[in-house]
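Per-entry structural report
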Protein chains: 2
Amino acid sequence: MSHPSIRIDRSSRLPLYSQVAEQLERAISTGDLAPGDRITNEVALAADLGLSRPTMRQAISVLVDKGLLVRKRGVGTQVVQGQIRRPVELTSLNEDLQRAGQDPHTRVLGCRPLEADEHTLAELQIPSGSVVWDLHRLRSVGDEPLAVMHNVIPLDVIDLATVDLDRVGLYEAMRSVGIHLRVAHQRIGARRADAREAGLLGEHRGAPLLTMSRTAFDDAGRAVELGNHVYRADRQTFEVTLVDR
Amino acid sequence: MSHPSIRIDRSSRLPLYSQVAEQLERAISTGDLAPGDRITNEVALAADLGLSRPTMRQAISVLVDKGLLVRKRGVGTQVVQGQIRRPVELTSLNEDLQRAGQDPHTRVLGCRPLEADEHTLAELQIPSGSVVWDLHRLRSVGDEPLAVMHNVIPLDVIDLATVDLDRVGLYEAMRSVGIHLRVAHQRIGARRADAREAGLLGEHRGAPLLTMSRTAFDDAGRAVELGNHVYRADRQTFEVTLVDR
DNA sequence: GATGTCTTTATGTCAAGACAAAGGCTTGAC
DNA sequence: GTCAAGCCTTTGTCTTGACATAAAGACATC
């Protein structure tokens, strides 16, 4: 029954449950809370920290949803026995790489308005005849090409002509004009590289590629981006954590 | 501002928030709640149904976490504009296929105890020298081979010798001995088929395969299963829904 | 010695209320 | 006519309190 030391700051604008969740997560990642450890029960923890039980419970729920803790009624809450993995998050690949200490850069292969085809209209739920941005980019790390990225974005979402996409990530640009991404559906598959992809990625034609198609929605539920990316299979995998309720 | 009709049954053993969440989800899937619709605010909904606001909020949270609804402070809660997709869940592929109306069958290629190697020991967090089940299976639908599956399971988790794995799914078998899966880490990638895989899957050597490695944990946080599966890329993709909090 | 029942412990569910903060709209001043 | 201030709506956060239910162990009984 491990009892991590947690300090809360009621003057902070960060929510209390969030402060607790962060410190619990840090305790797990530093090994302060070891895999298999049972943490103090919710009621006692809440009392110790001067919090109400729902608040404490919400903090724990954050980590349960992340797959770091498991709850069992009548028993307690324990740390999952797995090593910490960084799952796919709703951030751009660019930001992922930057955080990982890599030095990604991006070359714009093409960016122009285009009349949307049937499939695009359906995915983005926009009226027939709509015009969208058609953006092709190549992402690399150092000298190594990593991914060929194709994005489709409704014209009224953002004016890409005013954005320097060689230097600014797409998601970063969208955030800067007040678009908050909330939900994304992704479909991950694999196939052979065609001639164009092989050339861009420095692979042979027919090499296995990891494919990812994404539809992203903002906080008003509107579809704001379509992504259709292919990755060199030897350079990229996707991590996913599933939690059963 | 759409106001779905919801009935709650206080005598049911199903939690109230769960009843509401289910009916809301059904309203969305039937189109009763259309994409883009704003639903009645939490306070009014709770009052109408005779529930407290936290309970109503919990119900909505279920659907927000599933990516069906988005909330925006000061504005309201809206239905996401995307078509409904069935994401990867913590069920076996076998059950997924059965639900989809397919007729999957499984052939056991090999199942025997084996001393665990370094990597397995680390992933399962078990002491050096431990013995594990080493299970190889081929999954098909109709005449079409679909996946080559390799699982590793600690000996003390379940006695596979007493299970008819040609007829019973692995997860089903584990549930029947009281093991409740709660969390899984999955890593999805791609590579070329080797000779053995190509033969089993009816593909050419070098064909692109979708790979999935999974570590699954039970409700006590213990690692109980390792999966290392390869899928024919033309027959399988993975759906994932990401939600930003 | 095996089985069943009670007690303890901890999470699961639910209620009622309060204040904070963000977004959007209206109103008013300049 | 434009911009800013203020108001209203709605979700976000937090508190206190209560009862239900599953798991595990202790205990008594057969």
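Residue indices begin from 1 for each chain and proceed along its sequence in written order. Starting at A for chains and at 1 for ligands, labels are handed out in the order in which the entities are written. Under the rules for a predicted model, residues below a pLDDT of 70 receive no local features and side-chain atom pairs below 80 are neither given nor counted, while totals for whole chains, interfaces and linings still include all residues. Values shown for side chains rest on all heavy atoms present in the structure; no hydrogens or waters enter the calculation.

In this section: the pairing of strand β6 (residues 144-154) of chain A. All names here are of chain A. Any residue under 20% of the maximum accessible area for its type is buried, any over 50% is exposed, and the rest in between are partly exposed; the area is computed with a 1.4 Å probe on protein chains only. Strands here are runs of E lasting at least two residues and helices are runs of H or I lasting at least four, both read from the DSSP assignment and numbered beginning at the N terminus. Burial runs high along β6: 9 of the 11 residues are buried. The rule for pairing is simple: two strands pair if DSSP sees at least two bridges between them. Relative to β6, strand β5 (residues 131-141) runs antiparallel, the two being bridged by 10 bridges. The residue bridging Asp-134 from the neighbouring strand is Val-152, located in β6. If you look at the hairpin formed by β5 and β6, you'll find 2 residues sitting between the two strands, and Gly-142 has a positive phi there, around 65°. One ladder, built from 6 bridges, connects β6 with strand β9 (residues 223-232); its direction is antiparallel.

It is worth spelling out the domain arrangement of chain A at this point. Just so you know, the domain bounds were taken from an automatic or database domain assignment. Splitting chain A by domain gives domain 1 (16-79) and domain 2 (93-232). If you average the C-alpha positions of domain 1 of chain A and of domain 2 of chain A, the two centres end up 37 Å apart.

Now for the relation of the copies chain A and chain B. Overlaying chain A with chain B gives an RMSD of 0.1 Å, the required rotation being 180° about an axis along which the chain moves by 0.0 Å. Viewed as a symmetry operation, the transformation between the two copies matches a two-fold axis. If distances are taken from each C-alpha of chain A to the rotation axis, the shortest is found for A:Pro208, at 2.5 Å. A share of 98% of interface residues in chain A that are also interface residues in chain B marks the association as one of identical surfaces. The fit set for superposing copies consists of C-alpha atoms from residues with pLDDT of at least 70 in both; the fit itself is least squares. In what follows, residue pairs with any heavy atoms lying within 4.5 Å of each other are defined as contacts.

Let's shift gears to the nonpolar core. Remark: nonpolar core denotes a set of buried residues (Ala, Val, Leu, Ile, Met, Phe, Trp, Tyr, Cys) joined through side-chain atoms within 4.5 Å. Counting residues in each nonpolar core, the largest one holds 22 residues, and the members touching the most others are A:Ile188, A:Leu210, A:Phe238, B:Ile188, B:Leu210 and B:Phe238. Put simply, the parts of the chain that give this core at least two residues each are β6, β7 (181-192), β8 (208-218) and β10 (238-243) of chain A together with β6 (144-154), β7 (181-192), β8 (208-218) and β10 (238-243) of chain B. Membership of the second largest hydrophobic core comes to 20 residues, among which are A:Ala27, A:Ala59, A:Leu68 and A:Leu69.

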